[in-house]
Amino acid sequence: MYYEDTIAAISTPVGEGAISIVRLSGPEAIQAVGHLFSGKKSLSEVPSHTIHYGKIVDPGTGRAVEEAMVSIMRKPRTFTREDVVEINCHGGLKSVNRVLELVLDQNVRLAEPGEFTKRAFLNGRIDLSQAEAVMDLIRAKTDQAMDVAMGQMEGSLSELVRKLRRQLLDTLAAVEVNIDYPEYDGAEVVTSQMLHDQSVAVGRRIDQILSTARQGKILREGLSTAIIGRPNVGKSSLLNHLIHENKAIVTDIPGTTRDIIEDYVNIHGIPLKLIDTAGIRETDDIVEKIGVERSRTALKKADLVLLLINYHDDLTDGDRALFNLIGKTPAIIVLNKTDLSLTVSMDEVDKLAKGRPVVQTSLLNEEGVSELEESIASLFFEHGIYQNESAYVSNTRHIALLKKAKSAIADAVAATDQGLPVDMAQIDVRRAWDILGEIIGDTVSDSLINELFSKFCLGK
Ligand SMILES: Nc1nc2c(ncn2[C@@H]2O[C@H](COP(=O)(O)OP(=O)(O)OP(=O)(O)O)[C@@H](O)[C@H]2O)c(=O)[nH]1
Ligand SMILES: [Mg+2]
């Protein structure tokens, strides 16, 4: 399927850069740029996948507006599977915009966000989950998030989903054969058993894929890390040290932080979404009260908790309550202010820590922060929050569909368990097959496709 029209957009980020690229795709791409290009050769005659130096000339005035390197890539060996031309401009934002304007005068229209990728998808160059991976790649915050997106772009999730669909289709085919040729009396029972076993196997595999979802989500969105503790223990100081910036206000007045402060940081390749909270204590101050409530909510949603305890103070009931509040969430206990004398009861801290790592810091003297970082990393890797599996699912849409497919499969298993007629389970299996198809875009509606691609950046 090839499009009639030719599209163009600036493919590099907006702003000053050494090079900006205007990219075109479509049947008129080469001709359109040919009209504007003045160089040694005519672009319509040059071989595919070559790059040419010349000037972009305004046909109206005959004046050169930009010096450029122009790449010519003829279909079908291109990203969109259409003719693609890239004009590498060297000037600033103004001149690249001028080049784009001239291009748009040549029977070329401005691309919608994601339209290049959409064409790649619709022309069969990539499937939907790969197209979504392109989007993830643009947004990837860390190397590992990048790996996940790359893996998905290379089709690892697609590969898994295709395998599952093939397995379901084979099962359905076998059922048809058995039903059409019931050569012996037991056909129905045997068929039902086969449907059951195959469904159980597929359901297990979906579970395995889904089990990577948590890791995938963390890599995408960051490990939600709540910094909690009594007022004045140094929570905001810790946030500032970890992000190497004075973002949160630090004072010696207890109750300084009133609202939640968030920032992202990359610790040993793990993306953390740090959340500095209001110190938790009983208070009559209405603003502080709200802040404290928010802290409790942040704590509930956290993937990781950093609980700060004052090294230079006795444990209070407030501290003990916080240990309880953590519950089962992975946590690290941080004893802060070690530059002052030891007052806290280490025995009691150890007892309350229940095996959770305890790290000592003096944020004032910048001591212990790298130990804390190490501790965060080892907790993350040891507890299998991270697994080096190439086929992560991290995309919310994929996860939702996998869950839906799993429930259809569970229905099939239940139907066979209850001894219902084979065609009941058959319908469920067929439904699971359809749902899985939505992940790779084999069975999706046009409106969904438009919505997904509109989330892309312009020029992608
Ligand atoms: N001596 C010493 N003081 C520290 C240390 N870390 C932080 N402080 C001081 O403790 C005070 C409180 O620090 P913050 O980071 O504002 O504490 P907080 O936990 O965010 O406090 P609230 O927002 O009020 O809950 C400030 O005066 C800091 O300079 C430390 O390691 N040693
Ligand atoms: Mg604070």
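What you see is a predicted model; the values in this text were computed from it and never measured. (Residues numbered from 1 in each chain as written. Chains lettered and ligands numbered in written order. Predicted model: local features only at pLDDT ≥ 70, side-chain atom pairs only at ≥ 80, totals over all residues. Heavy atoms only, no water.)

A. Structural context of the overall build of the chain. Looking only at helices and strands, the chain has 16 helices and 13 strands in total. Residues classed as buried in the chain amount to 49% of the 460 residues present. A separation threshold of at least 6 residues defines the contact pool for the chain, and within that pool the share at least 24 residues apart is 68%. A total of about 22300 Å² of accessible surface is found on the chain, and carbon and sulfur atoms cover 52% of it. (Helix = DSSP H or I, 4+ residues; strand = E, 2+ residues; numbered from the N terminus. Buried < 20%, exposed > 50% of the residue type's maximum accessible area, 1.4 Å probe, protein only. Contact = heavy atoms within 4.5 Å. Areas by Shrake-Rupley, 256 points an atom, 1.4 Å probe, with all protein chains shown as cover.)

B. Region of interest: the pattern of salt bridges. Scanning all chains against the criterion turns up 16 salt bridges. For Asp 58, the salt bridge identified is with Arg 98, shortest N-O distance 2.8 Å. Of the two residues, Asp 58 sits in the loop between strand 4 (50–57) and strand 5 (64–73) while Arg 98 sits in helix 2 (residues 93–104), which places them 40 residues apart along the sequence. Residue class for Arg 98 comes out partly exposed when judged on its relative accessible area of 30%. With a closest N to O distance of 3.4 Å, Arg 230 and Asp 313 form a salt bridge. In this pair, Arg 230 is assigned in the loop between strand 8 (223–229) and helix 9 (235–243) and Asp 313 in the loop between strand 11 (304–310) and helix 11 (317–326), connecting sequence segments 83 residues apart. When its relative accessible area of 15% is taken as the criterion, Arg 230 is described as buried. (Salt bridge = Lys/Arg side-chain N within 4 Å of Asp/Glu carboxyl O.)

C. Here's a closer look at helix 15 (residues 422–440). For helix 15, spanning 19 residues, the distance from its first C-alpha to its last is 28 Å, which sits close to the expected 27 Å at 1.5 Å a residue. Within two residues after helix 15, Gly 441 carries a phi angle of roughly 90°, on the positive side. (Expected span 1.5 Å × (residues − 1).)

D. Up close: the sheet that holds strand 6 (residues 84–89). Strand order in the open sheet formed by 7 strands is 3-4-5-6-2-1-7, with mixed pairing between adjacent strands. Both edges of this open sheet fall to strand 3 (37–39) and strand 7 (109–110), since each of them pairs with a single strand only. Inspection of the sheet shows strand 1 (residues 7–10) paired to strand 7 by 2 bridges, in the parallel sense. Bridging across to strand 7, Ala 8 finds its partner in Leu 110. (Pairing = 2+ DSSP bridges.)

E. Seen up close, the nonpolar core. Among the nonpolar cores identified, the biggest contains 32 residues, and Leu 168, Ile 206, Ile 209, Val 393, Leu 402, Leu 436 and Ile 439 are the most heavily contacted of them. In this structure Leu 168 touches Val 202, Ile 409, Val 429, Ala 432, Trp 433 and Leu 436, once residues within four positions along its chain are discounted. The next biggest cluster of nonpolar side chains, apart from the first, holds 27 residues, and it includes Leu 223, Leu 272, Leu 274 and Ile 332. (Core = buried A, V, L, I, M, F, W, Y, C linked by side-chain atoms within 4.5 Å.)

F. Broad picture of the pairing of strand 5. Pairing of strand 4 with strand 5 involves 8 bridges; the strand directions are antiparallel. Of the residues in strand 5, the one forming a bridge with His 52 is Val 70. Counted between consecutive antiparallel strands, the loop separating strand 4 from strand 5 contains 6 residues, among which Gly 62 sits at a positive phi close to 80°. Here strand 5 pairs with strand 6 via 6 bridges, running antiparallel. Note on strand 6: the bridge partner recorded for Met 73 is Val 84.

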